[in-house]
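# Close look at the chain arrangement
Below are the chains, spelled out letter by letter.
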Amino acid sequence: MADQEEEDLKMALRMSMQNTPPEPKRSKPRDATVGAPVSSPEDCRRLQRELMAAAAEKRMKDAKNASSASNSPASSPVIAKSSESASKGRVLEAKHAPVPSNSSVSSPKVEESSDFASKEANLGKEEANQLFSMLFGTEVSRDILAQWSNQGIRFSSDPETSMGLVQHEGGPCGVLATIQAFVLKYLLFFPDELGKVAPNAPPSLGSRSFSRKRYVATNNFASPTEDAKARALVKSMGEILFLCGSNKRAVIATLTTIGHDIGGSEDRHKDEVLAKALEGLSIESGSDLQKVIRVDTYVSHATALHRLESLLPVFRSRMGAMLFLISALLSRGLDSVQADRDDPSLPLVTAPFGHASQEIVNLLLCGQAVANVFDGRMDLGGGMFLKGISTNVEVGFLTLLESLNFCKVGQHLKCPKWPIWVVGSESHYTVLFALDTTVQDENELEERESHIRKAFDAQDQSGGGGFITVEGFHHVLRETNINLPRDKLDHLCNTGFIVWSEFWQVILDLDKSLGGLKDSTGLMGKKVFDLYHFNGIAKSDLNGGQIIFGGETPPVQRPRLTKLRVSVPPRWTPEEFMADVSVSSGSGGNEASGKETEVTKPEPPQHAPLVDCIRTRWPRAVCNWIGDPPSIV
């Protein structure tokens, strides 16, 4: 048997040295129930030779590109599905996760493939030029390139903001803030899943179905361990990459200069090795990308997560943010990214300051590089349309530009599955989040209002005039279980038709026991809850060190977490209502649950640009905080 395997390997090597390498057979996996099985010994041997040829080519390439890889055990390739052309995709997946010593070596797994792409792991020249042009355009300053080549994905060293990623001077903040939003999702709402990176190889990351059941996360932001934060980061990056790859694949970009694996047992040692390897490295053209970028494609969530875990030191390095963005773009596919965009001629990194465009943020949030934030698409006529957000999202987006009437954020981004939002200003991205999953829910009175209004509108035959007949009015009362006192009923019906505004005032004054909205707590549907805002910018604090000018230490802006108390009046009340009642500090999200309240003099409302962003989600919200105003720049 050993002689036969040696003969097969020799044959595979001879085949791989031909000018035109053979194309591996595109067949179903060995355990597939659909498709024609391999029926003869000759077919089995032919399939084995073809697979060994692919493995031999990969080993030969690894031997040339990385001497350290020559001593590592060869991995079984997986030929995966790919919708990209041969010059765009990478379908040879290397199994980097260690194999347990007591496990049996399985036969190579082959999945159906419509295209067998190049097995070359380095970025191709044409693809590298296209990628660089998409990112930076034809004219880009060295300052912008330096911004994107000097941003690692690192957690803050300050205890009070240790769950946050540190951002340096602008530029890649859109990438960092979006990753941060997903990291918070796992740290706050999935803490039990951070024991292992990929315990059971789930079919989809973040797979817990969204439930309206209330869940309140801990506000001890210093409690997650370093391991838990690292796993949350790995899961977040994996979820984003598979989201970009339509949940079918994830492309992970790394550097050829560091070899296949990072040596050393301590993170500090790995960081030092990487820092030395990156000395003098600069990215100023597509050819520079082509020389230093290595890409691998994964169809297995578990394998991708293990690979991301092993590459955490690389993503912590100064090239981390750019490598992750490249990974996301390649996971989506460069042609698909361009097809998503309204104007693919513009660079994704915007001039003159090198900020991440809305296309980059949307790609990481929803998996498509669309330029707009409204729901669906906007038909402009003549076969022209603008593309927006087509699906619900895990974490959302709010922007100061909406408060300035420059855009309208749709419900997909405004009402995400989890109460976490990337916040955009004119020049920076930060993160807003809540610990209580019910902050987005309508409270009891809002739901009651919606039900009554829907029943009233169903009887409105005035073409939207807001009035109904007496007969229709009695139907509304029966449908909504409203028991009006005789005097109020006669008053409303004495003109022969009922106007919504008059009816609504009666409902507001009617006790809940009779079907009205009068609230014995005095809150009348007012919401009071807490939001937290995180700004990871750390100016003059590169890699944790302060910059000295003329012997003096300039003021250092460190990552900052701000707690905001938010009060939201009911939709139907004047703003003066907000001064009527204040809720005790122990109250949570929706305040119609019968909790005791205390009437005190309310704190005067405070204002900052962030409040304008919050009001695009909760109109007329009033905010208070302690200390300096939260900054979104």
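See the structure above.
Below is a short write-up of the structure. Please read these numbers as outputs of a predicted model, since none were measured by experiment.

To continue, consider the packing of helix α16 (residues 444-458) against helix α17 (residues 470-480). Packing of α16 against α17 leaves a shortest axis separation of 9 Å and a crossing angle of 145 degrees. By crossing handedness, the relation of α16 to α17 is classed as right-handed. Of the residues in α17, those in contact with Arg448, His451, Ile452, Ala455 and Phe456 of α16 are Val476, Glu479 and Thr480. Taken together, the residues that form the contact of α16 with α17 break down as four nonpolar, two polar and two charged.

Turning next to the sheet that holds strand β11 (residues 429-433). In any sheet, the strands associate via hydrogen bonds between backbone groups, in a parallel or an antiparallel arrangement. Taken in spatial order, the six strands make up an open sheet running β9-β10-β11-β14-β15-β16, and their pairing is mixed. Bordering the open sheet on either side are β9 (396-399) and β16 (622-625), each of which pairs with just one other strand. Between one strand axis and the next, the sheet turns by 30 degrees as a mean value, whatever way the strands run. Pairing geometry for strand β15 (residues 560-568) and β16, over four bridges, is antiparallel. Its bridge partner lying in β16, serine 567 is registered against valine 622.

Formed by 101 residues in total, the largest nonpolar core has its most connected members in Ile293, Phe324 and Phe433. Broken down by element, the residue count for this core peaks at 13 residues, all from helix α5 (residues 173-189). Residues in contact with phenylalanine 433, not counting those within four places in the same chain, are Met163, Leu184, Leu188, Phe221, Pro419, Ile420, Leu531, Tyr532, Phe534 and Leu561.

You can see threonine 562 is positioned in strand β15. Among the residues examined, threonine 562 registers a relative accessible area of 4% and is labelled buried.

Parameters at a glance
- Residues numbered from 1 in each chain as written.
- Predicted model: local features only at pLDDT ≥ 70, side-chain atom pairs only at ≥ 80, totals over all residues.
- Heavy atoms only, no water.
- Axes fitted to C-alpha atoms, helices over the stretch in contact; angles between N-to-C directions.
- Helix = DSSP H or I, 4+ residues; strand = E, 2+ residues; numbered from the N terminus.
- Left-handed = near helix turned anticlockwise from the far one by under 90°.
- Contact = heavy atoms within 4.5 Å.
- Nonpolar A, V, L, I, M, F, W, Y, C, P; charged D, E, K, R; others polar.
- Pairing = 2+ DSSP bridges.
- Core = buried A, V, L, I, M, F, W, Y, C linked by side-chain atoms within 4.5 Å.
- Buried < 20%, exposed > 50% of the residue type's maximum accessible area, 1.4 Å probe, protein only.

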